[in-house]
Amino acid sequence: MPPRARLTNLHSKINSQGEEQFSTVTIEATAPAPVEVSYPEPTLCQVTVRAAMNMYPGPLYVQDGIIREVTLHTVAEETVFNICLDEAIQAVITCFEGTPYRICLNFNRRPMQDFYQDRVVVIDPGHGGSDPGHRGPVNLLERDMAWKTAGELARILEGLKARVVMTRRQEENPSWQERLARVPPGAFCFLSIHEYGSPDAARRGTAVLYNPARPENEELAAAVLERIVTRVKTPPRGTSPDAELVQLGQLPALRIEPVTITNWVDEGLLRNPYFHQKTALAVVVAIKQYFRQRSKDYGPRNKENSFS
């Protein structure tokens, strides 16, 4: 009799297959095992594997806009995975022989792409060129860290078929008015990326500032802040209006400060490339979910916004 399969690992990532993107949950095992997939609710995918669990039983928090989290428990000789979804999407399941044996569940990310496709998103990496911005206790510069996060934002959005406009190149430092002049008519939103600096080296955390010309922007800022701190586990510094963003008129506009770079702990977070990826994905997901919860898109995609 072949040995009973044991489940050894669980992970998730975003994959591209041609023009399509997928959120993939992978279950690894020591040997092939029978699998059953059901949907007790439209946004709950339940995967039952006839195998013992030999892995950490805690939840897997994904929060990528399609998969919210994965929880698991054992029932008799089976392990049940509950995949909680933000969208009612059914998985395509594929099993791969080998060591480890892999059970892959692919959820199409089409709802994310449908939301962002052809929308113009303006990304404004703070500082640049001869202006380094704030400096960390060791040696990191706000200019460079803002560029890294902005680059991850651009990569994710372009993967979702959005039209990304950057207000500067890597070595540039245009004035604020020059940055505003690069915002095209019909832009969907404006995202300025900075890091906070404080004379108090103990102060740390994330803040999101917003354009107060449009009242709804305060709610949008709160949604983005909540998603970032949940994803990267930073303390929140709150939301507040930003006087410069008023010049964008009614355009949804945020100034995102992922960390306080003058704090030792926060500067350390910036050294991890996954921090920039997680922050950027959190922003993209929060914006989409905020507008979806408002039950309709923010106006026609070709509607021109007036700037003051």
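Nothing here was measured: the structure is a model prediction, and the numbers come from that model.

Caption draft 1: Layout of the sheet that holds strand 8 (residues 78-85). Taken together, five strands build an open sheet; the order of strands is 3-4-8-7-6 and the sheet is antiparallel. At either end of the open sheet lies a strand with only one pairing partner, and these are strand 3 (35-41) and strand 6 (60-61). Of the strand pairs in this sheet, strand 7 (residues 67-75) and strand 8 are connected by eight bridges, and their pairing is antiparallel. Directly across from Val70, in strand 8, lies its bridge partner Ile83.

Caption draft 2: Region of interest: the pairing of strand 14 (residues 206-210). Buried residues dominate strand 14, accounting for five of its five residues. Burial along strand 14 is two-sided: Thr206, Val208 and Tyr210 facing one way and Ala207 and Leu209 facing the other are all buried.

Caption draft 3: Quick look at the UniProt feature "domain: MurNAc-LAA" (unreviewed entry) in the chain. Here the UniProt-annotated "domain: MurNAc-LAA" (unreviewed entry) positions come out as residues 190-288. Helix makes up 40% of residues 190-288 and strand 20%, whereas the separation of the span's terminal C-alpha atoms amounts to 14 Å.

Caption draft 4: A look at the sheet that holds strand 2 (residues 20-29). Taken in spatial order, the five strands make up an open sheet running 5-1-2-10-9, and their pairing is mixed. The strands lining the two open edges of the sheet, one partner per strand, are strand 5 (52-53) and strand 9 (92-96). Where strand 9 meets strand 10 (residues 101-108), five bridges bridge the pair, whose relative direction is antiparallel. From the neighbouring strand, Cys95 faces strand 10, where its bridge partner is Ile103.

Caption draft 5: Inspection of the nonpolar core at higher detail. By size, the foremost hydrophobic cluster in this structure holds 71 residues, and its most contacted members are Ile83, Val224 and Ile287. The element that contributes the greatest number of residues to this core is helix 6 (residues 273-293), accounting for eleven residues. Discounting residues that sit within four places of it in the chain, Ile287 has contacts with Phe115, Tyr116, Phe188, Cys189, Leu191, Leu220 and Val224.

Caption draft 6: Geometry of a nonpolar patch on the surface. Judged by side-chain polarity, Val138, Trp264 and Val265 come together as a nonpolar surface patch covering roughly 330 Å² of accessible area. Looking at the secondary structure, you find Val265 in helix 5 (residues 264-270). Overall, Val265 belongs to the partly exposed group, its relative accessible area being 47%.

Caption draft 7: Here's a closer look at helix 6. Spanning 21 residues, helix 6 covers 31 Å between terminal C-alpha atoms, matching the ideal 30 Å at 1.5 Å per step. For helix 6, the buried fraction is high: 15 of the 21 residues fall into the buried class. Of the residues flanking the start of helix 6, the one acting as N-cap is Asn272, its side-chain oxygen 2.9 Å from the backbone nitrogen of Tyr274.

What counts and how
- Residues numbered from 1 in each chain as written.
- Predicted model: local features only at pLDDT ≥ 70, side-chain atom pairs only at ≥ 80, totals over all residues.
- Heavy atoms only, no water.
- Pairing = 2+ DSSP bridges.
- Helix = DSSP H or I, 4+ residues; strand = E, 2+ residues; numbered from the N terminus.
- Buried < 20%, exposed > 50% of the residue type's maximum accessible area, 1.4 Å probe, protein only.
- UniProt positions renumbered as here; feature names shortened; annotations may be inferred.
- Core = buried A, V, L, I, M, F, W, Y, C linked by side-chain atoms within 4.5 Å.
- Contact = heavy atoms within 4.5 Å.
- Patch = residues over 30% accessible without salt bridge, like charges linked within 9 Å, V, L, I, M, F, W, Y side chains within 5 Å.
- Areas by Shrake-Rupley, 256 points an atom, 1.4 Å probe, with all protein chains shown as cover.
- Salt bridge = Lys/Arg side-chain N within 4 Å of Asp/Glu carboxyl O.
- Expected span 1.5 Å × (residues − 1).
- Polar contact = N/O pair within 3.5 Å; in protein donor to acceptor, adjacent residues only side chain to side chain.

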